Amino acid sequence: NADSLRARSVHLRHGFHAIGAVNLRGAEIANNLELDGGRVANPAGVALSLNAARIGGVVFLRNGFTAQGEINFTGAYIGLGVDCSGARFDGDGTSAFTANGAKFGRKVDFSGATALGQVSLVASEIGSDLSLDRADFSSATLRIERARIRGGIFARNTQFGSEGFMDLSGASADSLDD
């Protein structure tokens, strides 16, 4: 538990494994939060909470990062965006990744990621692109309602199956490239 933590950078990567919730609610991190290659597991609830956190740099959840349980960015401000390329989010059929009302200064990248459950960016603001290229959402619901994306939505070679779909109701973006 590191609620309201103040730090220059936080590095929990390559071999980091947490069983139970990792709480960084309300944290203020001046630069990057890095969890590359890490694993967090709390299948019954929130695995990583960044609710109302302020991160000045990038949040890295990539290079084999795995979560069992929900990743929650609700109301967070991430200055330079989030990179989830190649990550796996397993919400066990419920919420896998929630960033409702979050503000990302730049790109949100789910390229090559896999999600099981709901990925929600409802009413979020993204300063440049939302990249979903090569992502596997065949067992996920992607909710982007009322999101404001100041770049494009890129969903090239993205898989949606019979259990998965993307809802863009009321969202705005410069372009949609599938």
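What comes next concerns the included structure. Owing to the predicted nature of the structure, the values given are computational and were not obtained by experimental measurement.

## Description of the overall build of the chain
- Along the backbone of the chain there are zero helices and 24 strands.
- Relative to the compact-globule value of 16 Å for 178 residues, the chain shows a C-alpha radius of gyration of 15 Å, a close match.
- Out of the 178 residues belonging to the chain, those deemed buried represent 49%.
- Excluding contacts between residues fewer than 6 apart, the proportion of contacts in the chain whose partners are at least 24 apart in sequence is 45%.
- Summed over all atoms, the accessible surface of the chain reaches about 7,600 Å², with 42% contributed by carbon and sulfur.
- Each charge sign in the chain was given a centre, from 17 positive and 19 negative side chains, and these centres are 8 Å apart.

## Topic: the pairing of strand β16 (residues 114-120)
- In terms of residue burial, β16 counts as a mostly covered element, since five of its seven residues are buried.
- With six bridges joining them, strand β13 (residues 88-98) and β16 adopt parallel strand pairing. Note on β16: the bridge partner recorded for D90 is L116.
- Relative to strand β19 (residues 136-143), β16 runs parallel, the two being bridged by six bridges.

## Details of the sheet that holds strand β17 (residues 125-126)
- Read from one edge of the open sheet, seven strands run β1-β5-β8-β11-β14-β17-β20, paired in parallel fashion. The open sheet has two edge strands with one neighbour each: β1 (6-7) and β20 (148-149).
- As judged from the two bridges shared by β17 and β20, these two strands associate in the parallel manner. Directly across from E125, in β20, lies its bridge partner R148.

## Some points on the pattern of salt bridges
- Across all of its chains, the model carries ten salt bridges by this definition.
- Several salt bridges share partner residues, and in doing so they unite D36, R62 and D83 into one network.

## Overview of the nonpolar core
- Core analysis: the largest hydrophobic core is formed by 49 residues, its most contacted members being L61, F73, F89, F97 and F110.
- When residues of this core are traced back to their parent elements, those giving at least two are β7 (39-49), β10 (66-72), β13, β16 and β19.
- Here F73 is in contact with L50, N51, V59, L61, I78, V82, F97, T98, A99, A102 and F104, once residues within four sequence places are set aside.

## Re the sheet that holds strand β12 (residues 82-83)
- A sheet is described by the order of its strands in space; here eight strands give the open sequence β2-β6-β9-β12-β15-β18-β21-β24, paired in parallel fashion. Unpaired on one side and paired on the other, β2 (10-11) and β24 (175-177) mark the two borders of the sheet.
- Where strand β6 (residues 33-34) lies against strand β9 (residues 59-60), two bridges are found, and the strand directions are parallel. Bridging from a neighbouring strand, L33 pairs with V59 of β9.

Conventions adopted
- Starting afresh in each chain, residues are numbered from 1 along the sequence in its written order.
- Where totals are concerned, whole chains, interfaces and linings use all residues; where local detail is concerned, this predicted model gives features only for residues with pLDDT of at least 70, and gives and counts side-chain atom pairs only at 80 or more.
- Water and hydrogen atoms play no part in the side-chain values, which are based on all heavy atoms of the structure.
- Numbering of helices and strands runs from the N terminus, with a helix taken as a DSSP run of H or I at least four residues long and a strand as a DSSP run of E at least two residues long.
- What the globule rule says is 2.2 Å times the number of residues to the power 0.38, and the radius of gyration is computed from C-alpha atoms.
- Buried residues are those whose accessible area, probed at 1.4 Å on protein chains only, stays under 20% of the maximum for their type, while exposed residues exceed 50% and partly exposed ones sit between those limits.
- In this description, contact between two residues means that some pair of their heavy atoms is separated by no more than 4.5 Å.
- All accessible-area figures derive from a Shrake-Rupley calculation using a 1.4 Å probe, and residue coverage is judged against the displayed protein chains alone.
- Charge convention: Lys and Arg are scored as positive, Asp and Glu as negative, and His as well as the terminal groups of each chain are ignored.
- Where a charge lies is defined by one atom per residue type: Lys uses NZ, Arg uses CZ, Asp uses CG and Glu uses CD.
- Pairing between two strands is assigned when DSSP locates at least 2 bridges connecting them.
- For this document, the term salt bridge refers to a Lys or Arg side-chain nitrogen within 4 Å of an Asp or Glu carboxyl oxygen.
- For the purposes of this section, nonpolar cores are sets of buried Ala, Val, Leu, Ile, Met, Phe, Trp, Tyr and Cys residues that join through side-chain atoms within 4.5 Å.

The quantities given are spatial measurements derived from coordinates; they are silent on function.
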